[in-house]
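What the coordinates show
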Amino acid sequence: QSALTQPASVSGSPGQSITISCTGTSSDVGGYNYVSWYQQHPGKAPKLLIYDVTNRPSGVSYRVSGSKSGNTASLTISGLQAADEADYYCSSYTTSSTRVFGGGTKLTVL
Amino acid sequence: EVQLVESGGGLVQPGGSLKLSCAASGFTFSGSGMHWVRQASGKGLEWVGRITSKASSYATAYAASVKGRFTISRDDSNNTAYLQMNSLKTEDTAVYYCTTGGYNYGYSFDYWGQGTLLTVSS
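I will try to describe carefully the structure that is included in this document. (Residues numbered from 1 in each chain as written. Chains lettered and ligands numbered in written order. Predicted model: local features only at pLDDT ≥ 70, side-chain atom pairs only at ≥ 80, totals over all residues. Heavy atoms only, no water.)

With respect to the overall build of chain A
Along its length, chain A carries zero helices and nine strands. In terms of overall dimensions, chain A is globule-like: its C-alpha atoms have a radius of gyration of 13 Å, near the 13 Å expected for 110 residues. Across its three principal axes, chain A shows a C-alpha extent of roughly 40 × 25 × 25 Å. Out of the 110 residues in chain A, the part that is buried amounts to 46%. By sequence separation, contacts in chain A at least 24 residues apart represent 56% of the contacts at least 6 residues apart. Surface exposure of chain A reaches about 4800 Å², of which carbon and sulfur atoms provide 45%. Averaging the locations of the 7 positively and 5 negatively charged side chains of chain A gives two centres separated by 5 Å. (Helix = DSSP H or I, 4+ residues; strand = E, 2+ residues; numbered from the N terminus. Rg over C-alpha atoms; globule rule 2.2 N^0.38 Å. Buried < 20%, exposed > 50% of the residue type's maximum accessible area, 1.4 Å probe, protein only. Contact = heavy atoms within 4.5 Å. Areas by Shrake-Rupley, 256 points an atom, 1.4 Å probe, with all protein chains shown as cover. Lys, Arg positive; Asp, Glu negative; His and termini not counted. Charge placed at Lys NZ, Arg CZ, Asp CG, Glu CD.)

Structure below.
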């Protein structure tokens, strides 16, 4: 199972919006509505941001949203804040009943 | 409050074995699938494997990179999940996290431990 494809880095200024893509195949992202997104600050454990493509867990900011089209899922963060600077990972359920992560995207807030 | 606490990491020689533990509290452990995810220093997250709940027959699944070498088990009476690692390789060096498998939130890794470091080196 190959890793999902994410851009290595994205950046934006405070108050702007950014979108991170996550591209897989019909065997993972495209085949199921089971994409999730995670935020990880340096030295910390990952934190769930989005589950099942579009859903936010309790306590996650409304500025975070998820979507999917075909084999590509996307995470959008609006109203960028300094605290959003972190690494972001997507993950998907697969046809093998396994899971796969993306390579991760480093978000820089300029 | 959901808590997951990993333990058992350390330094092991190539070819050696080690067993990690994940002690859970604050939720109904027996009702949750459990996963292990690892992260090498400066690298991304890698899914290692999972074990389902008793309701799903304690089914296990593994990443190709560890299949045949790693075994996940659980003890619902002690609210603990385990990762038995055999035939360790230097490339297994990583922080190992245990996570719940969508206990509250769909098909996600919704709660994470703080991780335990495994170093495989001679």
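Structural notes on the environment of Pro-14 of chain B
Residue and element names in this part refer to chain B. Positionally, Pro-14 belongs in the loop between β2 (10–12) and β3 (18–25). For the pair Pro-14 and Ser-122, spaced 108 residues apart in sequence, the C-alpha separation works out to 6.5 Å. Ignoring anything within four residues of it in the chain, the contact list for Pro-14 reads Leu-88, Thr-90, Val-120, Ser-121 and Ser-122.

Considering the nonpolar core
Core analysis: the biggest nonpolar cluster contains 38 residues, and Phe-101 of chain A together with Trp-36, Phe-70, Leu-83, Met-85, Tyr-96 and Trp-112 of chain B have the highest contact counts within it. In this structure, Met-85 of chain B is in contact with Gly-16, Ser-17, Leu-18, Leu-20, Arg-69, Phe-70, Tyr-96 and Leu-118 of chain B, ignoring residues within four places of it in sequence. Grouped together as the second largest cluster of nonpolar side chains are 23 residues, Val-29, Val-53, Ile-77 and Leu-80 of chain A included. (Core = buried A, V, L, I, M, F, W, Y, C linked by side-chain atoms within 4.5 Å.)

Remarks on the pattern of salt bridges
In a structure, side chains of opposite charge can pair up when their charged atoms sit close to one another. Evaluation of the coordinates by the stated rule reveals five salt bridges over all chains. The shortest N-O distance in the salt bridge between Arg-63 of chain A and Asp-84 of chain A comes to 2.9 Å. One end of the pair, Arg-63 of chain A, is in the loop between β4 (47–50) and β5 (64–69); the other, Asp-84 of chain A, is in the loop between β6 (72–77) and β7 (86–93), with 21 residues separating them in the sequence. Notably, a salt bridge pairs Arg-69 of chain B with Asp-92 of chain B, separated by 2.7 Å at the nearest N-O pair. In this pair, Arg-69 of chain B sits in the loop between β6 (60–62) and β7 (70–75) while Asp-92 of chain B sits in the loop between β8 (80–85) and β9 (94–101), placing the two residues 23 residues apart along the sequence. The burial state of Arg-69 of chain B is the same as that of Asp-92 of chain B; both residues are buried. (Salt bridge = Lys/Arg side-chain N within 4 Å of Asp/Glu carboxyl O.)

Focus: unusual backbone geometry
Phi is mostly negative for residues that are not glycine, and the peptide bonds are mostly trans. Residues and elements named next belong to chain B. We note that Tyr-58 has phi near 55 degrees; this positive angle belongs to a residue other than glycine. With respect to the helices and strands, Tyr-58 occurs in the loop between β5 (45–51) and β6. Phi at Asn-79 takes a positive value of approximately 50 degrees, unusual for a residue other than glycine. Along the chain, the position of Asn-79 falls in the loop between β7 and β8. We classify Asn-79 as partly exposed; its relative accessible area is 29%.

So, the sheet that holds β7 of chain B
All names here are of chain B. Pairing in this open sheet of four strands is antiparallel, and the strands run β1-β3-β8-β7 from one edge to the other. A single partner strand is all that each edge strand has here, and the edge strands are β1 (3–7) and β7. Pairs of neighbouring strands in the sheet enclose a mean axial angle of 15 degrees, with direction left out of account. (Pairing = 2+ DSSP bridges. Axes fitted to C-alpha atoms, helices over the stretch in contact; angles between N-to-C directions.)

A short note on the interface of chain B and chain A
On the chain A side, the residues contacting the 20 residues of chain B number 21 residues. Between chain B and chain A lies a buried interface of about 1800 Å² when both sides are counted; carbon and sulfur atoms form 64% of it. On the chain B side of the interface with chain A, the three residues burying the most area are Leu-45, Tyr-105 and Tyr-107 of chain B, jointly 41% of the side's total. For the pair chain B and chain A, the interface holds six residue pairs in polar contact (both at pLDDT 80 or more). Elements with a contribution of two residues or more to the side of chain B that touches chain A: β4 (33–39), β5, β6 and β10 (109–112) of chain B. (Buried area = accessible area lost by both parts, 1.4 Å probe. Polar contact = N/O pair within 3.5 Å; in protein donor to acceptor, adjacent residues only side chain to side chain.)

Points about the pairing of β8 of chain B
Residue and element names in this part refer to chain B. Burial analysis of β8 places five of its six residues in the buried class, the great majority of the element. By the bridge criterion, six bridges tie β3 to β8 in an arrangement that is antiparallel. The partner of Leu-18 across the bridge, within β8, is Met-85. Pairing of β7 with β8, which is carried by six bridges, proceeds in the antiparallel orientation.

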